[in-house]
Each structure stands twice: as C-alpha cells, then as structure tokens.
Amino acid sequence: MSAEKTNAAKFKALIALARADGEIDMHEKIFIDYLAERQDLSMKELKEYVNSTHKFSDLADELDEDDKVEILVHLVKLMKADGKILDSETSYCEKIARDCGYRPNSIGFLSGAVNDNPRIDPNFTYIKQGLKKYKLAQLYTTVPS
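Residues numbered from 1 in each chain as written. Predicted model: local features only at pLDDT ≥ 70, side-chain atom pairs only at ≥ 80, totals over all residues. Heavy atoms only, no water.

## Focus on the packing of helix α5 (residues 65-81) against helix α6 (residues 87-99)
So, step 1. The geometry of α5 relative to α6 is characterised by a closest axis approach of 10 Å and an angle of 180° between their N-to-C directions. In terms of axis orientation, α5 runs roughly antiparallel to α6. Residue-level contacts link Ile-71, Leu-72, Leu-75 and Met-79 of α5 to Glu-89, Thr-90, Tyr-92, Cys-93, Ile-96 and Ala-97 of α6.
So, step 2. Broken down by class, the residue content of the contact of α5 with α6 amounts to 8 nonpolar, 1 polar and 1 charged. (Axes fitted to C-alpha atoms, helices over the stretch in contact; angles between N-to-C directions. Helix = DSSP H or I, 4+ residues; strand = E, 2+ residues; numbered from the N terminus. Parallel < 35°, antiparallel > 145°, perpendicular 65-115°, else oblique. Contact = heavy atoms within 4.5 Å. Nonpolar A, V, L, I, M, F, W, Y, C, P; charged D, E, K, R; others polar.)

Structural data, given as structure tokens:
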C-alpha cells in the first residue's frame, strides 16, 4: 500500500477515535499533531486524509502487518491521552482491531503494553509477538491436501 493510503487509514482512524466522545480534547489534538509532524505531514495533507472518502475498513485489507500494529498502538495511545478511557473509545478501538484481523480483546493487551506517555515508543517486537495470540483465524481459500 502506498504511504499516502497508509497515512489516510491511520489518521482517519485516529480522528474518528478522538471524536468518539463528541469532541477532540487538547491532549488528543496534541498527540495527532505530534504524529503528523513525525510523518512530515502538513496540516493541509492531514485535512485531506481526514476528509478522504476512504473508510478504514476498506483500507485495512491493504495494510501490511507492521502498519496494522502501528495503527493499533497509536489508537491505544490516543485513547489514553486525555487520562480517561470511555466505553465509546474502547468499542471503536475494538472495531478497528477486528478490521485489522485481531480479536477485540487485543485492545486490553495493548493498553497494558503501551506507555501512557505518547512520546515514548513501545517495544514493537514485544507487541507483535504478544498480538499473535489475538489474531483472528484465517479462513482457507483452498482446501488443504
């Protein structure tokens, strides 16, 4: 998937989560701006991603595993950014986890594995290893011999 579509998926999911409680909190905005800055995105590009017609669920199939894990980690960090975790936020993260091929309870694992400080990057090797047990079963497209 192109970097543009990956960024569109990531920021579309982040903005939707930030809006889950009806408003974007200052801490949430700061975290989203921080991630956009790390990606060298202008505010114009960020707005284009947010306003794109793509749905996250349509883009998720095209994401590679590393992108999916990164998006889930950033969602959990954003969910924790304002110091309160709402049911609507948890439900949204669980939906995105399913779209990425993980069971909803993977969000609980990530909540424990991800530091509350948004500027501290987690140990992605540990997280990817831990997420393996939350992977949804893949259906066979052909009958194994």
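## Some points on the nonpolar core
So, step 1. Ranked by internal contacts, the top residues of the largest apolar core, which has 42 residues, are Phe-11, Phe-56, Leu-72, Leu-75, Ile-96 and Leu-110.
So, step 2. Among the secondary structure elements, those contributing two or more residues to this core are α1 (3-18), α2 (26-38), α3 (43-51), α4 (56-60), α5, α6, α7 (106-113) and α8 (124-131).
So, step 3. Setting aside its immediate chain neighbours within four residues, Phe-56 contacts Ala-9, Ala-13, Leu-63, Ile-71, Ile-96, Asp-99 and Cys-100. (Core = buried A, V, L, I, M, F, W, Y, C linked by side-chain atoms within 4.5 Å. Buried < 20%, exposed > 50% of the residue type's maximum accessible area, 1.4 Å probe, protein only.)

## Observations regarding the environment of Arg-103
So, step 1. Tracing the backbone shows Arg-103 in the loop between α6 and α7.
So, step 2. Along the primary structure Arg-103 and Leu-72 are separated by 31 residues, whereas in three dimensions their C-alpha atoms are 12 Å apart.
So, step 3. If sequence neighbours within four positions are ignored, Arg-103 has contacts with Ala-97, Lys-133, Tyr-134, Lys-135 and Leu-136.
So, step 4. In this structure the side chain of Arg-103 is engaged in a polar contact, spanning 2.9 Å, whose partner is the backbone oxygen of Lys-133. (Polar contact = N/O pair within 3.5 Å; in protein donor to acceptor, adjacent residues only side chain to side chain.)

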